[in-house]
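Listed here are the chains, written in short residue letters.
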Number of protein chains: 2
Amino acid sequence: MSQLFRDHLEAVSPLTDKEFEYILSHFRFKKLKKHAYLVQEDEYVKYEYFVLKGCLRAFVGDGDTGKEFIFQFGVEDWWITDREAFFQGSKASINISCLEDCELLGITLTDREKLGEELWKYEHFMQVKANLGYISLQKRLQMMIIGNAKDRYEQFIRQYPHLINRIPKTYIASYLGVSRETLSRLYKD
Amino acid sequence: MSQLFRDHLEAVSPLTDKEFEYILSHFRFKKLKKHAYLVQEDEYVKYEYFVLKGCLRAFVGDGDTGKEFIFQFGVEDWWITDREAFFQGSKASINISCLEDCELLGITLTDREKLGEELWKYEHFMQVKANLGYISLQKRLQMMIIGNAKDRYEQFIRQYPHLINRIPKTYIASYLGVSRETLSRLYKD
DNA sequence: AAAACAAAGTGACAATTGTCCTTTGGACGG
DNA sequence: CCGTCCAAAGGACAATTGTCACTTTGTTTT
């Protein structure tokens, strides 16, 4: 079950069995049902999570207009949390909820830092992952600004073909920053 | 002159004189005149740069429409490069050019990795910086999607008051993802 | 199987922003 | 000191997308 996690870590640097067991011992397993919240606005964020199974959405709700914007989906093999709140020990400004039943591995900031100090490979892993994350966010930003609604949707299909029929269109629209109606009109032809 | 750089590194972890000298010895000093290119599309990106002095813009030009979008400005105390090309050893997909005469410190990927292996503090520094970068990109993305042109401009003023009169409005418009004309209309009242 | 609910498609209209074009004013070089 | 260049402002109109209201389809519950 944690093989997925091990493969994920080893994509950056190979680990001995002992190292992997040691890393894993700092994580806590968590199960959540569909519609449950993993992170709620205004509450502290104690963990950063690796998704073993299921699908989640991280979103902000704009209080004034009632609009919602989805930052990120999390499916198997992805990390998810409110990074800002997690690192700064502040209250969450976003929500994360489950679109399906989920299984996660969570680590606290203290353990994360401890692991990084004890095991160079883990510090390195976090460095590499953060940089890859930055690169993909930058690509997304570029698409949001340069592309129109159609370009964005087409790119989404290309990038995440397996999510199209797994995630309700309403949420995909929100992720792409367009209204549900506009998205709906894009693929009628 | 390199005090700025030392302070920047020490904001994450304090360094001994020896450590700092060692880190600095891996960087190459570079001077560029206004309008010069630091990175050009389709060329390899050998360095990641820390800005000691001056101001740069990182942008993509959309070949078809002739539109330009500015990802990032770089001023004193900021890092700048085409991250994707730098890490993957691939050709740049963006351009970086100088809006003013500039002074930079550059490091190659090989030296960056070497430093990270030899000095845990440097690996840690990179990890922390990458995560902070991710957080600020995410905030920018949120603003781009939820906010209208006016919100975005007002947030820019709040966040970078010192850049408003340093950078031509055309470029600020491009950074905010609006046309120069629209931006122009926002602050007539 | 029927009722209740959530998701998706559609039409009409409004609002925001982009595009094109002209004008003004300041900076810089010969 | 004049001419050239470029940044910026603004008007007119078009295009894209959002909003609201309603219909249709599909899914879950009892």
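Refer to the structure above for everything that follows.
Residues numbered from 1 in each chain as written. Chains lettered and ligands numbered in written order. Predicted model: local features only at pLDDT ≥ 70, side-chain atom pairs only at ≥ 80, totals over all residues. Heavy atoms only, no water.

Colleague: Account for the interface of chain A and chain B, with residues named and values stated.
Modeller: Contacts between the two partners involve 31 residues from chain A and, on the opposite side, 31 residues from chain B. When chain A packs against chain B, close to 3,500 Å² is buried across both sides, 69% of that on carbon and sulfur atoms. Looking only at chain A, the three residues that lose the most surface to chain B are Trp120(A), Tyr134(A) and Leu141(A), adding up to 19% of its buried area. Joining chain A to chain B, the criterion identifies twelve residue pairs in polar contact (both at pLDDT 80 or more). Split into classes, the residues belonging to the side of chain A that touches chain B amount to 14 nonpolar, nine polar and eight charged. (Contact = heavy atoms within 4.5 Å. Buried area = accessible area lost by both parts, 1.4 Å probe. Polar contact = N/O pair within 3.5 Å; in protein donor to acceptor, adjacent residues only side chain to side chain. Nonpolar A, V, L, I, M, F, W, Y, C, P; charged D, E, K, R; others polar.)

Colleague: Quick rundown of the protein's contact with DNA strand D? Include the residues and the values.
Modeller: As a structural note, the neighbourhood of DNA strand D is formed by 18 residues, with Ala149(A), Thr182(A), Ser184(B), Arg185(B) and Tyr187(B) the closest of them. In the interface set of DNA strand D, defined as its atoms within 4 Å of the protein, sugar plus phosphate atoms amount to 48%. The contact in question runs from a phosphate oxygen of DNA strand D to an N or O atom on the backbone of Ser179(A), over 3.2 Å. Interatomic distance of 3.1 Å between a side-chain N/O atom of Thr170(B) and a phosphate oxygen of DNA strand D. Going through the elements one at a time, helix H8 (180–186) of chain A together with helix H7 (169–176) and helix H8 (180–186) of chain B are the ones with two or more residues in the surface near DNA strand D. Here the element with the most residues in the surface near DNA strand D is H8(B); it accounts for four residues. When grouped by side-chain class, the residues that make up the surface near DNA strand D number four nonpolar, six polar and eight charged. (Near = heavy atom within 4 Å. Helix = DSSP H or I, 4+ residues; strand = E, 2+ residues; numbered from the N terminus.)

Colleague: For the relation of the copies chain A and chain B, give the residues involved together with the corresponding values.
Modeller: Superposing chain A onto chain B takes a rotation of 180° combined with a translation of 0.0 Å along the rotation axis, leaving an RMSD of 0.0 Å. Taken together, the rotation and translation describe the operation of a two-fold axis. No C-alpha of chain A approaches the rotation axis more nearly than that of Gln127(A), which lies at 2.0 Å. Interface overlap between copies: 100% of the residues of chain A at the interface are likewise at the interface in chain B, consistent with a symmetric, same-surface contact. (Least-squares fit on C-alpha atoms with pLDDT ≥ 70 in both.)

Colleague: Talk me through the environment of Leu141(A); I want residue IDs and the actual numbers.
Modeller: Mapped onto the fold, Leu141(A) is located in helix H5 (residues 120–146). The spacing of Leu141(A) and Phe86(A) is 55 residues in sequence and 23 Å in space, taken between C-alpha atoms. With residues near it in sequence (within four places) discarded, Leu141(A) still touches Phe69(B), Leu137(B), Arg140(B), Leu141(B) and Met144(B).

Colleague: Give me the sheet that holds strand S1 (residues 28–32) of chain A: which residues, what numbers.
Modeller: Residue and element names in this part refer to chain A. Spatially, four strands are ordered S1-S8-S3-S6 in an open sheet, and the strand pairing comes out antiparallel. Bordering the open sheet on either side are S1 and strand S6 (79–80), each of which pairs with just one other strand. One ladder, built from five bridges, connects S1 with strand S8 (residues 102–108); its direction is antiparallel. When the bridges of S8 are listed, lysine 30 appears paired with leucine 104. (Pairing = 2+ DSSP bridges.)

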